[in-house]
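# Overview (structure and organization)
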Amino acid sequence: MRVPGVSAADRQALSGLVVARGWWREYAEGCRVLPLPTAARVLSRRCDAEVPTLCAEPVPGFRAIFRFLSDETIDFGIDPYELQGQEGPDAFSGFLRAIGRRPDRTLFMCPAGPDVDRAILWYEPGGDRIAVRHDR
């Protein structure tokens, strides 16, 4: 999943959201688990440093893994198999809304592999709606 066109302030807002919501979280650089740093510190790391990750669990059993791959994009992955029963999709849609509203940017879900730039689902904060691509 991807939120393009973000700033350091948007990244800091994301960290603040995770903390404010009380979501379980774990920040790591490589194999080292560390306290959650400021966005400025993460963005100022050496270019040859290991990619930092932030695991967040909005509800038990549903985890998102944020990878700090680019300064301009928030990238994260989820495991759709964790979304069980009706509670899973409800938690997922609430999570998408929370993440998309914070930087007020459209959030895109793209498949892995050759279609990585083809969104299959997105959240639009202006209309507060989740849309799904139907043409396959």
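Anyway, here's the lowdown on the structure attached to this text. (Residues numbered from 1 in each chain as written. Predicted model: local features only at pLDDT ≥ 70, side-chain atom pairs only at ≥ 80, totals over all residues. Heavy atoms only, no water.)

## Observations regarding the side chain of Asp10
Note the following rule: Strands are runs of DSSP state E lasting at least 2 residues, helices are runs of H or I lasting at least 4, and numbering of each runs from the N terminus. With a 1.4 Å probe rolled over the protein chains alone, any residue whose accessible area is under 20% of its type maximum counts as buried; one over 50% counts as exposed, and the rest are partly exposed. Pairs of N or O atoms are called polar contacts if they sit within 3.5 Å, as long as, within protein, a hydrogen donor faces a hydrogen acceptor (for residues adjacent in sequence, only side-chain-to-side-chain pairs). Should any heavy atoms of two residues lie within 4.5 Å, those residues are considered in contact.
Tracing the chain through its elements places Asp10 in helix α1 (residues 8–20). According to the relative accessible area criterion, Asp10 is buried, its value standing at 11%. Of the polar contacts made by the side chain of Asp10, one reaches the side chain of Arg105; its length is 3.4 Å. Residues contacting Asp10, with those up to four places away along its chain left out, are Gly5, Pro103 and Arg105.

## Side note on the packing of aromatic side chains
Put simply, the rule reads: Each aromatic pair joins two rings of Phe, Tyr and Trp (for Trp, the six-membered one) with centres within 6.5 Å, and gets the label stacked for planes under 30 degrees apart, edge-to-face for over 60, and tilted for any other angle.
For the structure shown, the criterion picks out seven aromatic pairs. Taking 6.3 Å as the distance between ring centres and 65° as the angle between the ring planes, the aromatic pair formed by Tyr27 and Phe68 counts as edge-to-face. Of this pair, Tyr27 sits in strand β2 (residues 24–29) while Phe68 sits in the loop between β5 (62–67) and β6 (73–78), placing them 41 residues apart in sequence. Grouping residues by exposure puts Tyr27 and Phe68 together as buried. An angle of 40° between the planes, with centres 4.8 Å apart, marks the rings of Phe66 and Phe76 as tilted. With Phe66 in strand β5 and Phe76 in strand β6, this pair connects stretches of sequence that are ten residues apart. Linked through ring pairs, Trp23, Phe62, Phe66, Phe76, Phe92 and Phe95 together constitute an aromatic cluster.

## So, helix α3 (residues 87–101)
Quick note on the threshold: Expected span of a helix: the number of residues minus one, times 1.5 Å.
In this model, α3 (15 residues) spans 21 Å end to end at C-alpha, consistent with the 21 Å of a helix rising 1.5 Å per residue. Inspection of α3 places Gly88, Ala91, Phe92, Phe95, Leu96, Ala98, Ile99 and Gly100 among the buried residues, and these make up the whole buried set.

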